[in-house]
Amino acid sequence: MGNSLTRAAKWTKGGKLDSMPLNDLLLEEIMRFVDDFSSLHPEEAELLFEEPLQWKTTLTASDFERDYDLKDSDGVESQEKDKNGCPTLRLSPPNISVRNFNQLSNLVNLANENKLKEVQSCLEENRMPMVTILGPSFANMKKAVKTDKGEGHPQSKDTDLKIQLLRLLLNLDKQIVRKILKEISEKFRLNPSFVDNEVEYLQSFCGPGENRVLKLVQYTSDYEYSNGCRAPLWRQIEGEMCYLVIEPYDTETLYITCSSAGVFLNMGVKQEGDEDAYERTSDVFKSLVTLLKSKSQLFAESLNSQDIREPPRTPKLVDAQTQLSLKRIDKSTTPSQRDQENISDVDAQKGARSKSISRFSESSYAEQLSSMKLKTRQTGEVFSETSSESDQSYEEEEQPVRRQRNTDHPSEYWQIQKLVKYLRAGDQTATLLTLYALMDYDLMQETYHLAIQDSGGLKVLTNILHLDEVNLQLGSLRILREISHNAQTRRAIVDNGGLRSIVNVLDSRNKDVKALAAETIANLTSFRRARRTVRKYNGISKLVKLLDCAPDLVNVDAKQEKDVEVARFGVLALWSCSRSPKNKEAIHKAGGIPLLGRLLKSPQMNMLIPAVGILQNCADEESCKNAIQTEGLIKYLVQNLSNDNDELRIHCANVIFKCAENKQTRTLVNEHKGLQALVSLLGKRENKELMAAATGAIWKCSLSPENLDVFQEHKVLETLISLLTNQPEEVLVNVVGALAEFSQKPANKITIRKCGGLKPLVHLLVGRNEALLVNVTRVVEACATDMDNMAIIQELDAIRWVWSLLKNPSPDVQSSAAWALCPCIENAKEAGEMVSSLMGAMELVIDLLKSSNDDVLASMCAVIAQIAKDKYNLAVLTDYEVVLLLAKLTDKPNDLLRCHLAQAIAQCCTWRNNRATFGEAGVVPHLVHYLKSQDMKVRHSTVMALHQLSKESNNCIIMHGEGVVKPMTHFAGADDQKVSKAATECLRNIHLLFPDQPRAKKSAPRISITS
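Parameters at a glance
Residues numbered from 1 in each chain as written. Predicted model: local features only at pLDDT ≥ 70, side-chain atom pairs only at ≥ 80, totals over all residues. Heavy atoms only, no water. Axes fitted to C-alpha atoms, helices over the stretch in contact; angles between N-to-C directions. Helix = DSSP H or I, 4+ residues; strand = E, 2+ residues; numbered from the N terminus. Parallel < 35°, antiparallel > 145°, perpendicular 65-115°, else oblique. Left-handed = near helix turned anticlockwise from the far one by under 90°. Contact = heavy atoms within 4.5 Å. Nonpolar A, V, L, I, M, F, W, Y, C, P; charged D, E, K, R; others polar. Phe/Tyr/Trp six-rings, centres within 6.5 Å; stacked < 30°, edge-to-face > 60°. Lys NZ or Arg CZ within 6 Å of the ring centre and 35° of its normal. Expected span 1.5 Å × (residues − 1). Buried < 20%, exposed > 50% of the residue type's maximum accessible area, 1.4 Å probe, protein only. Polar contact = N/O pair within 3.5 Å; in protein donor to acceptor, adjacent residues only side chain to side chain. Pairing = 2+ DSSP bridges. Salt bridge = Lys/Arg side-chain N within 4 Å of Asp/Glu carboxyl O. Core = buried A, V, L, I, M, F, W, Y, C linked by side-chain atoms within 4.5 Å.

Asks: Describe the packing of helix α35 (residues 674-681) against helix α37 (residues 705-713), with residues and values.
Replies: α37 packs onto α35 with a crossing angle of 45° between their chain directions and a minimal axis gap of 10 Å. The orientation of α35 with respect to α37, classified from their angle, is oblique. Crossing hand, α35 versus α37: right-handed. Together, L675, Q676 and V679 of α35 and N707, V710 and F711 of α37 make up the contact between the two elements. Considered class by class, the residues forming the contact of α35 with α37 number four nonpolar, two polar and no charged.

Rendered as structure tokens:
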């Protein structure tokens, strides 16, 4: 609503929009944009305008119903109010005032047949709508919006919404300009191809030497639009195609504009942006050669002396598309001639088909087709990039290769374009014949797709779907199904609003129509915006209804076969749609999980595979996992693991892998003999995808101890160890994850060592896959508790590799590596010397104590507790001010962190003045508070820390003041001898300072008992 109004729109002297096709196109695009705005951009729609839009409306109070309050004198006010209580819409006939897009969209919907008239009235009385809506400061920051990448200072929500709204309005403006340009581009008398030929011709005169007459001939812009023009879009609307700089030897530099009306000199267009430079400063010439002959005498004389002919002209009345094609098409045959040569074949095909086609009512068809309006628009399919929906790892957006301008088309291209014209103009019988003729072509070829797109055939085909004639719908859908295999065509169909029309025909009573529509949707929904469109127009629930075909899919009678066929295409469409997270939830809410469970009983692979594929995608959502379990689908998934089809088994194993995090699901898999079926899949080593699915399911099922026993009976551990080499990372992650669960049992640690599993595990520590590194360090952590295993780990220098993982940027890898280091340091030979020999080891530990991740902090405290057992290493840590860093962590609420923090503090207190430093840093009150924790490990480790701190008299004073005596007397009678002794000695230290205090005396009997 910026350039499109100021430059593209044509105004009368009275300030009204002129009645002309280009203005009508502009109004229609703006009307469509406003009509769908509130549903597509709800947050921006509620943003208040800087100033209200005001105009004289044709609406009356009777047109407003709910959400509006009627006032005296036929006035109307919206129930929606701003923060000051002012209505966002106010009507005082005939004047109306609107303050946000939400009300503007509602008003356009209420206008019915007068939508365009209302939009026109609004624009005529608000010639600068962007300034009215956003204010002058925002309306003039277009360049900043285009270059904004989301960096800089944080902004308020209203400011962000204004910027987003400005982007939407600028996109609308650009879209309108492009459409107007497309309309007028066919009216060019000259064309880019003709200019290209002339430029190439003139460049032959360029260069040094006596025989050269021109120094330079070049375009001012290297960018070429799809229509061949190089001028900015808003200048193309004026008929301008490109700008040239020509330097003759005998005159000054010439700056030339090439337009549809001819070529002329400008004021010096060197780059886009300087509007004054576009002004014409000479007469209009019919060609570049003619202009140069009039401006350069040397050029004119050179032409005459060498008897050089001017380049051939393209007739001015030939349309732009034909002119572009003439450049490379054989000159002896024009498209019209080729059409004429082949039309007899097309007519023969039509005649053969007409005998078998039933007659339709021809009187109403032309009226329906001509009066039909698209219910979705290109702007309606545009979704904000700030959408919360993210499609994660499997949401790889297809990027169709940009089609280069090619004018060398085969004769079939022109035949198809002519057939599309018949679709527009013919009656029902002619349209049906034309559809049959189109289906005779191999529509899988891209050239034929382009012919349909370039002639506007996609819009015609989707419009036909709005008719009530089944045969026409079937013909249109068959063509759309074929051409939707092409990525570029898919996007074009969605952009033209065709997907909404296809979703709507899912309600058809004809089963063939529903099946074809579902199959076409399955092809179209290969990218996110298409999947969102299906959900937006209630397509998910419609597709789910198609799954309700027959109660017994094993014994299907003749009447049910068609329903099963429809369900098969419905499940294919849902499989494609289920790659988006919100669609997964929509499938669940629509009751899709039970119906999919019914399909799992089908003996048909083309039904089973997509059904399980949907379950695999939906199993990412917690609610869907629960539904899969409660609806009894685990039984059928386990049964299909024994099927001969590898693809089906892959999907079934992946569903189990995702659902087996739930204990009840793991139990059900065991009950239905699923563990044995998973073990049998480990023999399929040549199928890596199947191996990844099977090992993943085994990993998750091994979380239950009873399942581990079953796996051990079948020697699964030995098989998994053999898979540690020559496998892709997808398999290794799951194999090592399963080994981490197996290694929790002491006997399995010995098996891992005896089967030679430690060496390949250590070699995996040098990888970069975060999930794999986490799982490997878990196995190392478990195996390091066995002394024989620890000797091998130390021999393989694994501790150095594990320590290096502390540099990994992933917090999960950092914490997992730190946990693995704890038993390694504890059980290693000469651990203190080993740690001190690692270059930069202490610095890494100190740096990670500044992490913001609680798991990393807890694991590092555990590592410090082990390192500090060596006096030399503790001295180094003290020099690095580890005491102050630990003290800063004492206010953290995480119990795991508190437990290991207390252990680290207790161990650090064994060095010189660290006890006093801890006390001065305010550690003691926090530790006393830890004694109230519900976690027993936290309480016990805190007692040990307080015992060490109580050896400093000042700390005893603080403890006594914090009331530590009463809870400590409880721990003096603990079953754990170490805790009991530490509590007793702590109380004794306090008692030595406060012998006469009642609290100390009261605790004395307990002390004497435990001492």
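Next comes the rest of the description.
Asks: How would you explain the packing of aromatic side chains if you had to name every residue and give the values?
Replies: Counted under the stated rule, the structure contains twelve aromatic pairs. Cluster of aromatic residues (ring-pair linked, three or more members): F33, F37, F49 and F101. Positioned over the ring face of F527 is R491, at 4.4 Å from the centre of the ring. The residue whose ring lies beneath R568 is F569, and the NZ or CZ to ring-centre distance is 4.4 Å.

Asks: Could you give an account of helix α51 (residues 895-908), naming the residues involved and the relevant values?
Replies: For α51, built from 14 residues, the straight-helix expectation of 20 Å at 1.5 Å per residue is met to within 8% by its first-to-last C-alpha distance of 20 Å. In terms of burial, α51 is a largely internal element, ten of the 14 residues being buried. The N-terminus of α51 is capped by N894, whose side-chain oxygen sits 2.9 Å from the backbone nitrogen of L896.

Asks: Hey, could you go over the sheet that holds strand β3 (residues 76-78) for me, with residue numbers and the actual values?
Replies: Spatial strand order, β1-β5-β4-β3-β2: five strands in an open sheet with antiparallel pairing. Two strands close off the open sheet at either side, each with one partner strand: β1 (53-56) and β2 (68-70). Taking each pair of neighbouring strands and ignoring which way they run, the sheet shows an average axis angle of 15°.

Asks: Give me the pairing of strand β5 (residues 95-98): which residues, what numbers.
Replies: Across four bridges, the pairing between β1 and β5 is antiparallel. Looking across to β5, one finds that K56 is bridged to N95. Where strand β4 (residues 89-92) and β5 come together, four bridges link them in antiparallel fashion. Each bridged residue has a counterpart across the sheet, and for R90 the counterpart in β5 is S97.

Asks: Could you give an account of the sheet that holds strand β6 (residues 214-219), naming the residues involved and the relevant values?
Replies: Taken in spatial order, the four strands of this open sheet run β6-β7-β8-β9, and their pairing is antiparallel. Either end of the sheet is taken by a strand with one partner, and the two such strands are β6 and β9 (262-265). Neighbour to neighbour, the strand axes of the sheet diverge by 25° on average, direction disregarded. Pairing of strand β7 (residues 240-248) with strand β8 (residues 254-259), which is carried by six bridges, proceeds in the antiparallel orientation. The partner of I246 across the bridge, within β8, is L254. Sheet strands in contact with helix α10 (residues 192-203) are β6, β7 and β8, and its direction is about 155° off that of β6.

Asks: Tell me about the pattern of salt bridges, and name the residues and values.
Replies: Side chains that differ in sign of charge can pair as their charged atoms come close. Considering all chains together, one arrives at 28 salt bridges under this definition. One salt bridge connects R235 with E240, and the closest N-O pair in it is separated by 2.7 Å. Residues R235 and E240 agree in their burial class; the two are buried. Close ionic contact of D709 with K745 constitutes a salt bridge, the shortest N to O distance being 2.6 Å. Taken together, the residues span a long stretch of sequence, with D709 in helix α37 and K745 in the loop between α39 (729-742) and α40 (746-754) at a distance of 36 residues. For D709, a relative accessible area of 36% corresponds to the partly exposed category.

Asks: Now, about the side chain of S296: what can you tell me, with residues and values included?
Replies: Mapped onto the elements, S296 comes out in the loop between α12 (288-295) and α13 (297-306). Judged by relative accessible area, which is 0%, S296 ranks as buried. There is a polar contact of 3.2 Å between the side chain of S296 and the backbone nitrogen of F299. Excluding residues within four positions of it along the chain, S296 makes contact with P248 and D250.

Asks: Quick rundown of the nonpolar core? Include the residues and the values.
Replies: By size, the foremost hydrophobic cluster in this structure holds 229 residues, and its most contacted members are I521, L543, I628, W803, L849 and L886. Once residues within four sequence positions are removed from consideration, L849 is found in contact with L857, M860, C861, I864, V882, L885, L886 and L889. Counting 45 residues, the second largest nonpolar core, distinct from the first, contains L26, M31, F101 and V108.

Asks: Give me the lowdown on the pairing of β7, citing residues and values where you can.
Replies: Where burial is concerned, most of β7 is hidden: eight out of the nine residues are buried. As judged from the five bridges shared by β6 and β7, these two strands associate in the antiparallel manner. Bridge pairing in β7 links V217 to I246. In this antiparallel pair of consecutive strands, β7 and β8, the connection spans five residues.

By themselves these figures say nothing about function.
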